[in-house]
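Take a look at the letters that make up each chain.
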Amino acid sequence: MLRIGDYSFKSRLFLGTGKYKDARTQKEAVQASETEVLTFAVRRMNLFDESQPDPFESMDLSGFRLLPNTAGAKTAEEAVRVAHIAAAADMCDMIKVEVIGCDKTLLPDPVETIKASETLLEEGYTVLAYTSDDVVLARRLQDLGVHAVMPGAAPIGTGLGIINPYNLSHIVEQADVPVIVDAGIGSPKDAAQAMELGADGILLNTAVSGAEDPVKMAEAMKYGLEAGKLGYEAGRIEKKYYAQATSPTEGLSRL
Ligand SMILES: CC(=O)[C@@H](O)[C@H](O)COP(=O)(O)O
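In this text, all values refer to a predicted model and were calculated from it rather than measured experimentally. (Residues numbered from 1 in each chain as written. Predicted model: local features only at pLDDT ≥ 70, side-chain atom pairs only at ≥ 80, totals over all residues. Heavy atoms only, no water.)

(A) Spotlight on the site of the ligand. Every one of the 14 residues lining the ligand counts as a neighbour, but Lys96, Gly157, Asp182, Asn205 and Thr206 are closest to it. Glutamate 98 places a side-chain nitrogen or oxygen 3.5 Å from an oxygen atom of the ligand. Isolated, the ligand exposes 360 Å² of accessible area, and the fraction of that covered by the protein chains is 92%. Looking at the shell around the ligand residue by residue, the class counts come to 4 nonpolar, 7 polar and 3 charged. (Near = heavy atom within 4 Å. Polar contact = N/O pair within 3.5 Å; in protein donor to acceptor, adjacent residues only side chain to side chain. Areas by Shrake-Rupley, 256 points an atom, 1.4 Å probe, with all protein chains shown as cover. Nonpolar A, V, L, I, M, F, W, Y, C, P; charged D, E, K, R; others polar.)

See the structure below:
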């Protein structure tokens, strides 16, 4: 079981809801992934303007925990305002704090992320903080009291996979809250790798919504994640520089 704040989840895969070609594909991909947590950009919702498309038009949300994110915010103040909107619309079990500091890389602004997280924690939100793979920043966010840290595998939407496994494994080693690897996952092997490094879960969107067959990819991600988690628990062999025969030759009679 994955525990974040007061919530428990069987599935460790969190799925974004953006960029699907149609509502039916989105719904089927969500089902195939067996996710229990859906994330969405509050700014893309039609919460106050019903002329805008509804990203959940064909979804029954009752079986899911909702993780609105503050995408689009560039300051702590904006992120807090977006969180307030999600809460007012009763669509906020938890909040993903995402404050972007660079338009090209979409990497988070560490200072504003800390400020926004601090305010929302004081206000009683369950805060999951999207961060870069910076070990010290992840530690600082934990010290603040966030309920989970979400280091990026790679910049959002790139599908580059885990760029810095070294940093990620240090974040995991030092974590006393769940580590959810968020953004940049490209294929099921990346999901497996993140879990083999000891992550507690994964959040992804583009790799599924942009796949040729999003429904199949959602299922593949589920298995990739499960395989990585099992592999981590099983304890992998040490890597060796020299070959070692699989069948020991000691004690064999000479031919
Ligand atoms: C949906 C969401 O929260 C994204 O901002 C998230 O970071 C996913 O990134 P990818 O699309 O790279 O999986």
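Right, picking up where we left off after that structure.
(B) Here's a closer look at the packing of aromatic side chains. Following the criterion strictly, the structure yields 3 aromatic pairs and no others. Judged by centre distance (5.9 Å) and plane angle (70°), the rings of phenylalanine 9 and phenylalanine 14 are edge-to-face. The pair phenylalanine 9 / phenylalanine 14 is uniform in exposure class, with both members buried. Through a chain of ring-to-ring contacts, three or more aromatic side chains come together here, namely Tyr7, Phe9 and Phe14. Lying across the ring of tyrosine 130, lysine 96 places its NZ or CZ 5.0 Å from the centre. (Phe/Tyr/Trp six-rings, centres within 6.5 Å; stacked < 30°, edge-to-face > 60°. Buried < 20%, exposed > 50% of the residue type's maximum accessible area, 1.4 Å probe, protein only. Lys NZ or Arg CZ within 6 Å of the ring centre and 35° of its normal.)

(C) Region of interest: the side chain of serine 11. Take serine 11: it is sitting in the loop between β2 (7-9) and β3 (13-16). Serine 11 gets classed as buried once you look at its relative accessible area, which sits at 13%. A polar contact is formed between the side chain of serine 11 and the backbone oxygen of glutamate 34, at a distance of 3.4 Å. The residues contacting serine 11, other than those within four sequence positions of it, are Leu2, Glu34, Thr35 and Glu36. (Helix = DSSP H or I, 4+ residues; strand = E, 2+ residues; numbered from the N terminus. Contact = heavy atoms within 4.5 Å.)

(D) Highlighting the pairing of strand β5 (residues 65-69). Within β5, 4 of the 5 residues are buried, which leaves the element mostly enclosed by the surrounding structure. By the bridge criterion, 5 bridges tie strand β4 (residues 37-41) to β5 in an arrangement that is parallel. Looking at β5, one finds that valine 37 is bridged to arginine 65. (Pairing = 2+ DSSP bridges.)

(E) A look at unusual backbone geometry. A positive phi is found at lysine 19, a non-glycine position, where the angle reads about 70°. Among the structural elements, lysine 19 can be located in the loop between β3 and α1 (23-33). What makes lysine 19 exposed here is its relative accessible area of 56%. Unusually for a residue other than glycine, leucine 106 sits at a positive phi of about 55°. Inspection of the secondary structure puts leucine 106 in the loop between β6 (95-97) and α3 (110-122).

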